[in-house]
Amino acid sequence: MNVAIIGTGYVGLCTGICLATIGHKVTCLDTDEKKIGALRRGETPIYEPHLVELMEEGRSNICFTTSYPDAIPNADVVFIAVGTPSTANGSPNLEYLSKAASSVGEHLGPAFTVVVNKSTVPIGSGNWVGTLLRESLERKHGRKMTDEFAVASNPEFLREGSALFDSLYPDRIVVGADHPKALETLYMLYRPIIDQSFSPPTDIPRPEAKTAVPLVSTDLASAELIKYAANAFLALKISFANEIGNIAERVGADITQVARGIGLDSRIGSRFLAAGIGWGGSCFGKDTAALVSTAAEYGVSMPIVESARLVNKRQRERVVDKLLGELKILKGRTVGLLGLAFKPNTDDLREAPAIDIARRLIERGVRVKVHDPIAAERFRHEYPDLDVQICAHAAQVAEDADAVVLVTEWTEYLQLDWDAVGDSMRQRLILDGRYSLDRERLIRSGFRYIGMSS
Ligand SMILES: NC(=O)c1ccc[n+]([C@@H]2O[C@H](COP(=O)([O-])OP(=O)(O)OC[C@H]3O[C@@H](n4cnc5c(N)ncnc54)[C@H](O)[C@@H]3O)[C@@H](O)[C@H]2O)c1
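An account of the accompanying structure is given in this report.

Rules behind the numbers
Residues numbered from 1 in each chain as written. Predicted model: local features only at pLDDT ≥ 70, side-chain atom pairs only at ≥ 80, totals over all residues. Heavy atoms only, no water. Helix = DSSP H or I, 4+ residues; strand = E, 2+ residues; numbered from the N terminus. Buried < 20%, exposed > 50% of the residue type's maximum accessible area, 1.4 Å probe, protein only. Contact = heavy atoms within 4.5 Å. Areas by Shrake-Rupley, 256 points an atom, 1.4 Å probe, with all protein chains shown as cover. Lys, Arg positive; Asp, Glu negative; His and termini not counted. Charge placed at Lys NZ, Arg CZ, Asp CG, Glu CD. Disulfide = S-S within 2.5 Å. Patch = residues over 30% accessible without salt bridge, like charges linked within 9 Å, V, L, I, M, F, W, Y side chains within 5 Å. Salt bridge = Lys/Arg side-chain N within 4 Å of Asp/Glu carboxyl O. Near = heavy atom within 4 Å. Polar contact = N/O pair within 3.5 Å; in protein donor to acceptor, adjacent residues only side chain to side chain. Nonpolar A, V, L, I, M, F, W, Y, C, P; charged D, E, K, R; others polar. Phe/Tyr/Trp six-rings, centres within 6.5 Å; stacked < 30°, edge-to-face > 60°. Lys NZ or Arg CZ within 6 Å of the ring centre and 35° of its normal. Pairing = 2+ DSSP bridges. Axes fitted to C-alpha atoms, helices over the stretch in contact; angles between N-to-C directions. 1 Å grid on protein atoms, 1.4 Å probe; cavity = no way out; pocket = protein on both sides within 12 Å on 5 of 7 lines; lining within 4 Å. Points joined across faces, edges and corners; volume = space filled by probe spheres on them.

1. Focus: the overall build of the protein
Here is step 1: Looking only at helices and strands, the protein has 17 helices and 14 strands in total.
Here is step 2: Over its C-alpha atoms, taken along the principal directions, the protein stretches across nearly 75 × 50 × 45 Å.
Here is step 3: For the protein, buried positions account for 54% of its 454 residues.
Here is step 4: Once local pairs closer than 6 in sequence are excluded, the contacts in the protein between residues at least 24 apart make up 72%.
Here is step 5: Looking at the protein as shown, the accessible area adds up to about 20100 Å², and 51% of this sits on carbon and sulfur atoms.
Here is step 6: Positive and negative side-chain charges in the protein, numbering 51 and 58 respectively, have mean positions lying 3 Å apart.

2. Section: the state of the cysteines
In protein chemistry, a disulfide is the covalent bond that joins the sulfur atoms of two cysteines.
Here is step 1: In total, this model carries 0 disulfides according to the counting rule given.
Here is step 2: For the unlinked cysteine Cys-28, the closest cysteine sulfur is that of Cys-63, found at 7.9 Å.
Here is step 3: Here Cys-63 falls in the partly exposed class, since its relative accessible area comes to 38%.

3. Some words on a nonpolar patch on the surface
Here is step 1: A cluster of nonpolar side chains, namely Met-1, Tyr-187 and Met-188, defines an oily patch on the protein surface of about 250 Å² accessible area.
Here is step 2: Relative to the helices and strands, Met-188 is located in helix H8 (residues 180-194).

4. Things to note about the site of the ligand
Here is step 1: Within the structure, the ligand sits among 28 residues, and Asp-30, Lys-35, Thr-84, Glu-160 and Lys-286 are positioned closest to it.
Here is step 2: At 2.8 Å, a side-chain N or O of Arg-350 approaches an oxygen atom of the ligand.
Here is step 3: Of all the secondary structure elements, the ones that give two or more residues to the shell around the ligand are helix H1 (10-21) and helix H5 (95-107).
Here is step 4: The residue inventory of the shell around the ligand, partitioned by class, reads 11 nonpolar, 9 polar and 8 charged.

5. Notes on the packing of aromatic side chains
Here is step 1: Enumeration according to the criterion identifies 6 aromatic pairs in this entry.
Here is step 2: When the ring of Trp-279 is compared with that of Phe-284, the centres are 6.1 Å apart and the planes differ by 80°; the resulting orientation is edge-to-face.
Here is step 3: Of the aromatic side chains, those joined through ring pairs into one cluster are Phe-165, Tyr-169 and Phe-198.
Here is step 4: Just above the ring of Phe-112 sits the side chain of Lys-181; from NZ or CZ to the centre is 4.3 Å.
Here is step 5: Over the face of the ring belonging to Phe-198 we find Arg-206, whose NZ or CZ atom lies 4.7 Å from the ring centre.

6. Here we look at the pattern of salt bridges
Here is step 1: Per the counting criterion, the structure on display carries 26 salt bridges.
Here is step 2: In this structure, the salt-bridge partner of Lys-313 is Glu-317, at a minimum N-O distance of 3.5 Å. With a gap of 4 residues between them, Lys-313 and Glu-317 both fall in helix H12 (residues 303-327), about one helical turn apart.
Here is step 3: For Lys-313, a relative accessible area of 52% puts it in the exposed group.
Here is step 4: A salt bridge links Glu-377 to Arg-380; the shortest N-O distance between them is 3.4 Å. One end of the pair, Glu-377, and the other, Arg-380, are both in helix H14 (residues 376-382), 3 residues apart, so they sit about a helical turn from each other.
Here is step 5: Under the relative-accessibility criterion, Glu-377 is labelled partly exposed at 43%.
Here is step 6: Relative accessible area serves as the criterion here: at 46%, Arg-380 is assigned to the partly exposed category.
Here is step 7: Members of the salt-bridge network, linked through shared partners, are Lys-313, Arg-316, Glu-317, Asp-356 and Arg-360.

7. Section: the sheet that holds strand E8 (residues 215-218)
Strand pairing within a sheet occurs via backbone hydrogen bonds; the two strands may be parallel or antiparallel.
Here is step 1: Taken together, 8 strands build an open sheet; the order of strands is E3-E2-E1-E4-E5-E6-E7-E8 and the sheet is mixed. Two strands close off the open sheet at either side, each with one partner strand: strand E3 (62-65) and E8. Strand-to-strand, the axes of this sheet are offset by a mean angle of 25°, without reference to chain direction.
Here is step 2: Where strand E7 (residues 173-177) meets E8, 4 bridges bridge the pair, whose relative direction is parallel. From the neighbouring strand, Val-175 faces E8, where its bridge partner is Ser-217.
Here is step 3: The strands that helix H2 (residues 33-40) touches are strand E2 (25-29) and E3; relative to E3, the one it contacts most, it runs at about 150°.
Here is step 4: Helix-sheet contacts for helix H9 (residues 220-251) involve strand E6 (149-153), E7 and E8, and the interaxial angle to E7 is about 145°.

8. Points about empty space enclosed by the protein
Here is step 1: Evaluated as defined, the whole model comprises 1 cavity of 30 Å³ or more.
Here is step 2: Lining of the largest cavity is provided by Asn-117, Lys-118, Ser-119, Thr-120, Val-121, Ser-153, Pro-155, Glu-156, Ala-223, Glu-224, Lys-227 and Tyr-228.
Here is step 3: With 4 residues, H9 is the largest single contributor of residues to the lining of the largest cavity.
Here is step 4: Its residues placed into classes, the lining of the largest cavity shows 4 nonpolar, 4 polar and 4 charged.

So this is what it looks like as structure tokens:
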């Protein structure tokens, strides 16, 4: 099939490359000329494991453009994957979606096209995008138009850091549409993934147990709500672990053992039941805010989701409180932060806890040193005003530091020579914000080890 993808960010680019990998002809479009220039040269504007290799392998099936007239008229399916960031009141900013939909509408060809919202968009956006497309088409043709297109929702569940794996071997595919032909087209598009009949790329082999992927076909509104509900549930699982962590701290219990004891119950599951600094990234914060704000529009309150947000905010503040508790005076101290990206294996800094923590420490007169194996360069460009020392090597954040905080659990941090790290510090204090380090080993090396709930 001919596919056009609008927006070459984390979602658009990964989706485009995976669809090219399974044999579709894909045109990726972005209004950002720099991004498209880089992609045409074979460079990727984001970091995602194996993205470069897969893009190279799929080269014959994929092209990049800034031109709507080049991308849209021949497309059987158009995915809209532009950003939907939060506005000040928590509702999503739909400006990019609106512009993209109008531009798609202006260039739709004569053949039936399915226009798919892949961006995370509030309930009702499918209808709204349909109206924008129709208005654009009718403006262009000067007459009433029907049946040239249908709108579908196909929410994305990929995790940055394993986005390509998640796209090729997803837990499920959700498609929502009120038009049967749209559902049929998307079934055909995704069939190689649903049946797992495509040849897996060398770098991302198929897991043995993966033989088929469930397809959930729904109406538009249900698909839109599934995405928000899934993210809210994952976010609240993390906040729940943190809330239990706080009581664990008071009663002298070990939250990592408590979480393990809860998570092994198959009704609960251990994934995302992780105490620590809390969630970051571009999705959980914005999507929980959007869910609460949409619900309010319909007169529904969402106290569970609101509380999950509050617990997460409190958790970041606890990092500074913990350091204050240990060091007593923060002014004039040096603190090293290991990790800037909101999680390992990505360079994404959106809503990254490290940024917030660095800011709070600087406000208290702390000298902050930071390191990240992948996101440091992006950090330099996006936060030039943040007065921190960026270190080239992880161990350097510890030199003359009064404390080191593990913010992002990159594998290389878990394998540091902690004896040497300790030797270079003013005092051996480590705050393990992700409960990922070997506590016993650190204690044996003379560290004072503290977690977020200990
Ligand atoms: N990042 C994730 O992990 C993730 C996961 C699931 C869902 N989502 C959702 O997917 C959507 C995209 O997220 P992202 O992280 O890929 O965003 P992003 O900011 O990385 O990328 C968005 C891209 O859209 C481009 N763009 C904006 N307006 C455009 C227009 N009119 N025409 C063409 N291109 C345009 C931008 O230049 C940018 O490259 C969001 O709604 C997000 O909530 C993201």
